[in-house]
Amino acid sequence: MDLGLAGRRALVTGAGKGIGRGTVKALHAAGVQVVALSRTRADLDSLVVECPGVEPVCVDLGDWDATERALGSVGPVDLLVNNAAVALLQPFLEVTKEACDTSFDVNLRAVIQVSQIVARGLIARGAPGAIVNISSQASQRAITNHSVYCSTKGAMDMLTRVMALELGPHKIRVNAVNPTVVMTPMGQANWSDPQKAKAMLDRIPLGRFAEVENVVDVILFLLSDRSSMTTGSTVPVDGGFLAT
């Protein structure tokens, strides 16, 4: 199915690894001009080699001022994927201020900031657009040692709905994708313990974790005009986890 994305310009955050990198590669293959944002220069360098023409932006989204400078001259963007995130796992009684600050700065505040930049540009041009926020099944289910991460993703789901409400009149759609554990470097680091993994897999009717392409397929659909009547939604890619 042709999603009709060719010729548009997209910004993807957290583009160096995992879901973000997979999204950049898929958009590039679909004829989209992609701006790839990551805090890791080496990841961007290898991505540009793999996908010639991708525009790299190296910045830490936890730094508001640096992000403003880095994206101040980004140019017109039609499509935005807010993928960058951190997962700092701690038992509730051991949660630190640093973990709270870093998690909310990257997982929520940066989504607001980058989305404002893109949305203001779209409105100034009078152009329609689409934003996809990468949330998690953890936004809707409590998971041990994930108190801060679950909180940031729960906030992201509500932010998605309010953005959809306020940006809809400007013909900007906003949706979230809520994956289960995905076999990215982050997913492998946090779910490599077989006992921990089994406890999660036992709650997934399809009996497996997601692959990056499972999530990317849904992201591209939500960015495309094929989903032109869909906004304010949180779309599970979880093998049925949220149904249990």
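Everything discussed here concerns the structure shown above.
Residues numbered from 1 in each chain as written. Predicted model: local features only at pLDDT ≥ 70, side-chain atom pairs only at ≥ 80, totals over all residues. Heavy atoms only, no water.

*Asks:* Would you explain the overall build of the protein chain in this entry?
*Replies:* The helix and strand tally for the protein chain stands at eight helices and seven strands. Rg of the C-alpha trace for the protein chain: 17 Å, near the compact-globule value of 18 Å for 244 residues, within the 12% margin. The buried share among the 244 residues of the protein chain stands at 49%. Long-range contacts, defined as pairs at least 24 residues apart, comprise 70% of the intrachain contacts of the protein chain with a sequence gap of at least 6. Carbon and sulfur atoms form 56% of the exposed surface of the protein chain, whose accessible area is close to 11100 Å². Both charge centroids of the protein chain, one from 22 positive and one from 23 negative side chains, sit 3 Å from each other. (Helix = DSSP H or I, 4+ residues; strand = E, 2+ residues; numbered from the N terminus. Rg over C-alpha atoms; globule rule 2.2 N^0.38 Å. Buried < 20%, exposed > 50% of the residue type's maximum accessible area, 1.4 Å probe, protein only. Contact = heavy atoms within 4.5 Å. Areas by Shrake-Rupley, 256 points an atom, 1.4 Å probe, with all protein chains shown as cover. Lys, Arg positive; Asp, Glu negative; His and termini not counted. Charge placed at Lys NZ, Arg CZ, Asp CG, Glu CD.)

*Asks:* When you look at the packing of helix α1 (residues 18-29) against helix α8 (residues 212-223) in this model, what are you seeing that I'm missing?
*Replies:* To describe two helices that pack against each other, one gives the angle between their axes and the distance between the axes. Where α1 contacts α8, the two axes come as close as 9 Å, and the packing angle between them is 55°. As the angle between them shows, α1 and α8 are arranged oblique. In the packing of α1 onto α8, the handedness of the crossing is right-handed. Contact residues: Gly18, Ile19, Gly22, Thr23, Ala26 and Leu27 in α1; Val212, Val215, Val216, Ile219, Leu220 and Leu223 in α8. Looking at the contact of α1 with α8 residue by residue, the classes come out as nine nonpolar, three polar and no charged. (Axes fitted to C-alpha atoms, helices over the stretch in contact; angles between N-to-C directions. Parallel < 35°, antiparallel > 145°, perpendicular 65-115°, else oblique. Left-handed = near helix turned anticlockwise from the far one by under 90°. Nonpolar A, V, L, I, M, F, W, Y, C, P; charged D, E, K, R; others polar.)

*Asks:* Explanation requested: unusual backbone geometry in the structure shown.
*Replies:* Leaving glycine out, the prevailing phi sign among residues is negative, and the prevailing peptide bond configuration is trans. Positive phi values are uncommon outside glycine, yet Asn145 reaches one of about 70°. One can find Asn145 in the loop between β5 (129-134) and α5 (147-167). A positive phi angle, near 65°, is found at Lys171, a position not held by glycine. One can find Lys171 in the loop between α5 and β6 (172-179).

*Asks:* Sorry, what's going on with helix α4 (residues 97-125) here?
*Replies:* Each turn of an α-helix holds 3.6 residues, which means side chains three or four residues apart point in the same direction. Over its 29 residues, α4 extends 40 Å from the first C-alpha to the last, a length consistent with the 42 Å expected when each residue adds 1.5 Å. Residue Asp105 marks the point of greatest curvature in α4, where the axis turns by about 40°. Just beyond α4, the residue with positive phi is Gly126, at close to 70°. (Expected span 1.5 Å × (residues − 1). Bend = angle between axes of the 7 residues up to and from the residue.)

*Asks:* It is not clear to me how the sheet that holds strand β3 (residues 55-58) should be interpreted in this structure. Could you clarify?
*Replies:* By definition, the strands of a sheet pair up through backbone hydrogen bonds, in either a parallel or an antiparallel sense. Pairing in this open sheet of seven strands is parallel, and the strands run β3-β2-β1-β4-β5-β6-β7 from one edge to the other. Sheet topology places β3 and β7 (234-237) at the edges, where each strand pairs with a single neighbour. The sheet shows a mean angle of 20° between the axes of neighbouring strands, taken without regard to direction. In the sheet, strand β4 (residues 79-82) pairs with β5 via four bridges, with the strands oriented parallel. In the sheet register, Val81 faces β5, and the bridge partner there is Val132. Here helix α2 (residues 41-50) sits on the sheet in contact with β2 (33-38) and β3, set at roughly 180° to β3. Against the sheet, α4 touches β1 (9-13), β4, β5 and β6, its axis set at about 175° to β4. (Pairing = 2+ DSSP bridges.)

*Asks:* I keep staring at the pattern of salt bridges and nothing clicks. Help me out?
*Replies:* Any two side chains of opposite charge can pair, given that their charged atoms come close. In total, this model carries nine salt bridges according to the counting rule given. Residue Arg8 is joined to Asp225 by a salt bridge in which the shortest nitrogen-to-oxygen separation is 2.7 Å. Residue Arg8 is located in the segment before β1, and its partner Asp225 is located in the loop between α8 and β7; the two are separated by 217 residues in the primary sequence. Taking the relative accessible area as the measure of exposure, Asp225 reaches 48% and is therefore partly exposed. Glu50 is the salt-bridge partner of Arg21, the closest N and O atoms lying 3.1 Å from each other. Here the residue Arg21 occupies a position in helix α1, and Glu50 occupies one in helix α2, the gap between them amounting to 29 residues. Look at Arg21 and you get buried, because its relative accessible area is 15%. Three or more residues are tied together by salt bridges with common partners; here these are Arg21, Lys25 and Glu50. (Salt bridge = Lys/Arg side-chain N within 4 Å of Asp/Glu carboxyl O.)

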